[in-house]
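Architecture and fold: a report
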2 protein chains.
Amino acid sequence: MTGYYQIEGRHLVAVDCIIFGYDIRDKDLKLLLVKRNMDPGRGEWSLPGGFVKEGEGVFEAACRVLNQLTGLQNVYMEQSFAYGDVNRDPGGRVISITYFALIKYLDIDPVKQKTTGAQWRSIKELPILVFDHRKMVDRALRQLREKVKIKPVGFELLPEKFTLVHLQDLYEAIYQRKVDRRNFRKKIQSMNLLEKLEEKEKETSKRGAFYYRFLPANYEEFTRQGFYFNLDVS
Amino acid sequence: MTGYYQIEGRHLVAVDCIIFGYDIRDKDLKLLLVKRNMDPGRGEWSLPGGFVKEGEGVFEAACRVLNQLTGLQNVYMEQSFAYGDVNRDPGGRVISITYFALIKYLDIDPVKQKTTGAQWRSIKELPILVFDHRKMVDRALRQLREKVKIKPVGFELLPEKFTLVHLQDLYEAIYQRKVDRRNFRKKIQSMNLLEKLEEKEKETSKRGAFYYRFLPANYEEFTRQGFYFNLDVS
């Protein structure tokens, strides 16, 4: 610690994580929530979070929180907002910086999940959340809805191979409304970002539906050439 | 201060403001910069900023910084990003939350400007900025470019009455490229958000060009009815 800034006001800074997962069977976008284990608000539903430590970057802190809960690292994580109102936390003045993460539903470590008591809850029926956490979720969800229109981040929520029905279901779960099938398929296929596999998914229909796989290398190459991802299906 | 959180890590938190103004004569988007008045980096060009005080909200702190510099309050201000890397400021561990503000170029208090030494500098030729401030500017500028496509915030940068040429010049200055005149006019006029005034601007051309004025009440009413502002002229 250098001594340049002899300033009075030092603050507790927390990170709170909005962790999205997509349940492909239920066609449902879910959030990973925990029961808060400290006062005030002990036992209430909460976003997973923690205080930023000395010598720890804010983003690192968010990664730590995510990793402790899920065992995952190097997942898609994006800063959402810094909440700085003085009275947002009745336990004391805490500035909270939120991140939203997109993870694969089945990838989380079951042992950790058991220890932490973390639970997936549908965004359609979230429990009451502690403090301003509901506001944090709502903002992150708005940001996610904007983001999946213009960046191929939705694939972070799907398994490696998926059908076009799965992909459309995902978008419908994120938007919470129906999407025009023909328009959606036209847009996604015109971008040449998916590889059609030989294999078919046969659980949902007799005829089966081909699996696809997202091609990140294509996306990067096209982007370098000035391409913009666009899956705006409003 | 309640005693709920007995936590070790408390942090200096700063706000830094990216204050945009539009010089209608030079057709130039500018930033209000100051020379840093503390070590380290004393005398270097810097975004206006300050530390968040105890009992002061983060947004309030940004408003205070803006007000001290310009005399303005209640201007358009939006959170840009929280910069939380441990070593971003060589003077000590400081988490900085940035805001971008859109103000009318001629509205700033000349007395304050003289006292603070604040200067407008074109985004086309910014001086070298201290620490990571250039990165902060670049991010805010990207956000502004996205924002003016989908929200009528550009008008914050124009005088009350302006011509369609002024408006297009503004967009070109923000994007740093030419915009198709016919397409631009078609889009802006189709939205019914401008009132054409009787008065003409006659400095730029003999024939003169009608002044317009933005109608925020129309925008709010149309938005309630499901309208989306769209001035995407790529």
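Turning our attention to the domain arrangement of chain A. All names here are of chain A. Each assigned domain of chain A is listed here: domain 1 (12-146) and domain 2 (158-224). The distance between the C-alpha centroids of domain 1 and domain 2 comes to 28 Å. Opposite the 11 residues of domain 1 that make contact, domain 2 presents 11 residues. Across the interface of domain 1 and domain 2, roughly 1,000 Å² is buried in total on both sides, 62% from carbon and sulfur atoms. Ranking the residues of domain 1 by area buried against domain 2 places Tyr22, Ile24 and Arg145 at the top, with a combined share of 51%. If you look at where domain 1 meets domain 2, you find one salt bridge. Here Lys27 ties to Asp169 by a salt bridge, and the two come within 3.9 Å at their closest N and O atoms. For the pair domain 1 and domain 2, the interface holds three residue pairs in polar contact (both at pLDDT 80 or more). Those elements that place two or more of their residues in the side of domain 1 that touches domain 2 are strand 2 (28-35) and helix 3 (133-150).

Our focus in this paragraph is the sheet that holds strand 10 (residues 209-214) of chain B. All names here are of chain B. Taken in spatial order, the three strands line up as 8-10-9 in an open sheet, and their pairing is antiparallel. The sheet terminates laterally at strand 8 (161-162) and strand 9 (194-201), the two strands that pair on one side only. For strand 9 and strand 10, the ladder comprises five bridges, and the chain directions are antiparallel. When the sheet's bridge partners are listed, Glu195 is paired in strand 10 with Arg213.

If you walk across this open sheet you meet the three strands as 8-10-9 (chain A), and the pairing is antiparallel. The sheet terminates laterally at strand 8 (161-162) and strand 9 (194-201) of chain A, the two strands that pair on one side only.

Here the focus is the pattern of salt bridges. Residue and element names in this part refer to chain A. Per the stated rule, a full pass over the model turns up 28 salt bridges over all chains. Here Asp28 makes a salt bridge to Lys124, at a shortest N to O gap of 4.0 Å. In this pair, Asp28 sits in strand 2 while Lys124 sits in the loop between strand 7 (119-122) and helix 3, placing the two residues 96 residues apart along the sequence. Overall, the relative accessible area of 52% leaves Lys124 in the exposed class. In this structure, a network of salt bridges that share partners links the residues Asp23, Asp26 and Lys30.

Rules of the game
Residues numbered from 1 in each chain as written. Chains lettered and ligands numbered in written order. Predicted model: local features only at pLDDT ≥ 70, side-chain atom pairs only at ≥ 80, totals over all residues. Heavy atoms only, no water. Domains from an automatic or database assignment. Contact = heavy atoms within 4.5 Å. Buried area = accessible area lost by both parts, 1.4 Å probe. Salt bridge = Lys/Arg side-chain N within 4 Å of Asp/Glu carboxyl O. Polar contact = N/O pair within 3.5 Å; in protein donor to acceptor, adjacent residues only side chain to side chain. Helix = DSSP H or I, 4+ residues; strand = E, 2+ residues; numbered from the N terminus. Pairing = 2+ DSSP bridges. Buried < 20%, exposed > 50% of the residue type's maximum accessible area, 1.4 Å probe, protein only.

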